[in-house]
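For reference, the chains in residue letters:
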Amino acid sequence: MKKIYTAVLRRTSTEGEYAWTESTECERGEEWNGDIVSYLLNAAEDEDEMQEMINRPYTGAIHNLPEDAVILTAENGVPVEIYWSAK
């Protein structure tokens, strides 16, 4: 069973580059077996807004981005959080 993890993104000293903070395991993330989008939509107060954050392109580069990560992006194109799954 896959767990879902999250980390907040922060800007680095280089313009347009982001690094993630210490990761944490999402509460009840195992129940979703790696289905990150469904997990996020289920937890969202506004599913349409969450879907927009998931689908919105981000600007810049993210250091050490986990494979198949879902990036939540603010309206201005700044990536703010990442979610990914792992065993």
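Residues numbered from 1 in each chain as written. Predicted model: local features only at pLDDT ≥ 70, side-chain atom pairs only at ≥ 80, totals over all residues. Heavy atoms only, no water.

Visitor: What's the story with the environment of Ala-61 in this structure? I'm lost.
Guide: Along the polypeptide, Ala-61 turns up in strand S4 (residues 61-62). The partly exposed category is assigned to Ala-61, whose relative accessible area is 38%. C-alpha separation for the pair Ala-61 and Tyr-18, spaced 43 residues apart in sequence, amounts to 6.1 Å. Not counting residues up to four positions away in its chain, the partners in contact with Ala-61 are Gly-16, Glu-17 and Tyr-18. (Helix = DSSP H or I, 4+ residues; strand = E, 2+ residues; numbered from the N terminus. Buried < 20%, exposed > 50% of the residue type's maximum accessible area, 1.4 Å probe, protein only. Contact = heavy atoms within 4.5 Å.)

Visitor: Quick question: what am I supposed to make of the packing of aromatic side chains here?
Guide: Aromatic ring pairs: the centre-centre distance and the angle between the two ring planes describe each pair. As enumerated under the stated definition, the model contains 3 aromatic pairs in all. Between the aromatic rings of Tyr-5 and Trp-84, the centroid separation amounts to 6.0 Å while the plane-to-plane angle is 20°, which identifies the pairing as stacked. Here Tyr-5 is found in strand S1 (residues 3-11), whereas its partner Trp-84 is found in strand S6 (residues 79-86), with 79 residues between them in sequence. With respect to class, Tyr-5 is no different from Trp-84; both count as buried. Grouped by ring-pair contacts, the aromatic residues Tyr-5, Trp-20 and Trp-84 constitute a single cluster. (Phe/Tyr/Trp six-rings, centres within 6.5 Å; stacked < 30°, edge-to-face > 60°.)

Visitor: What should I look at first to understand the pattern of salt bridges in this one?
Guide: Enumeration according to the criterion identifies 4 salt bridges in this entry. A salt bridge links Glu-25 to Lys-3; the shortest N-O distance between them is 3.7 Å. Taken together, the residues span a long stretch of sequence, with Glu-25 in strand S3 (residues 24-25) and Lys-3 in strand S1 at a distance of 22 residues. Residue class for Glu-25 comes out partly exposed when judged on its relative accessible area of 43%. A relative accessible area of 24% places Lys-3 in the partly exposed class. When the shortest N-O distance is used, the salt bridge between Glu-30 and Lys-3 registers 3.7 Å. (Salt bridge = Lys/Arg side-chain N within 4 Å of Asp/Glu carboxyl O.)

Visitor: Please explain helix H2 (residues 47-55) as it appears in this structure.
Guide: Two residues of an α-helix separated by three or four positions point the same way, owing to the 3.6 residues in each turn. Those residues of H2 that sit buried are Met-50, Met-53 and Ile-54. Projected down its long axis, H2 carries its buried residues within an arc of 100°, all on one side. Turned more than 90 degrees away from the buried face of H2, the exposed residues are Asp-48 and Asn-55. At its buried positions, H2 is contacted by helix H1 (36-43), strand S5 (70-73) and S6. Two to three positions downstream of the cap, the backbone nitrogen of Asp-48 sits 3.1 Å from a side-chain oxygen, assigning the N-cap of H2 to Asp-46. (Arc of directions from axis to C-beta. Polar contact = N/O pair within 3.5 Å; in protein donor to acceptor, adjacent residues only side chain to side chain.)

Visitor: Before we go on, may I ask you to explain the pairing of S1 in this structure?
Guide: Successive residues of a regular strand alternate their side chains across the two faces of the sheet. Pairing analysis gives 6 bridges linking S1 to S6, with the strands arranged antiparallel. Residue Tyr-5 lies in a different strand from S6, and its bridge partner there is Trp-84. Sheet topology places S1 next to S3; 2 bridges connect them, and they run antiparallel. The residue bridging Thr-6 from the neighbouring strand is Thr-24, located in S3. For S1 and strand S2 (residues 17-20), the ladder comprises 3 bridges, and the chain directions are antiparallel. For Leu-9, the partnering residue across the bridge sits in S2 and is Trp-20. (Pairing = 2+ DSSP bridges.)

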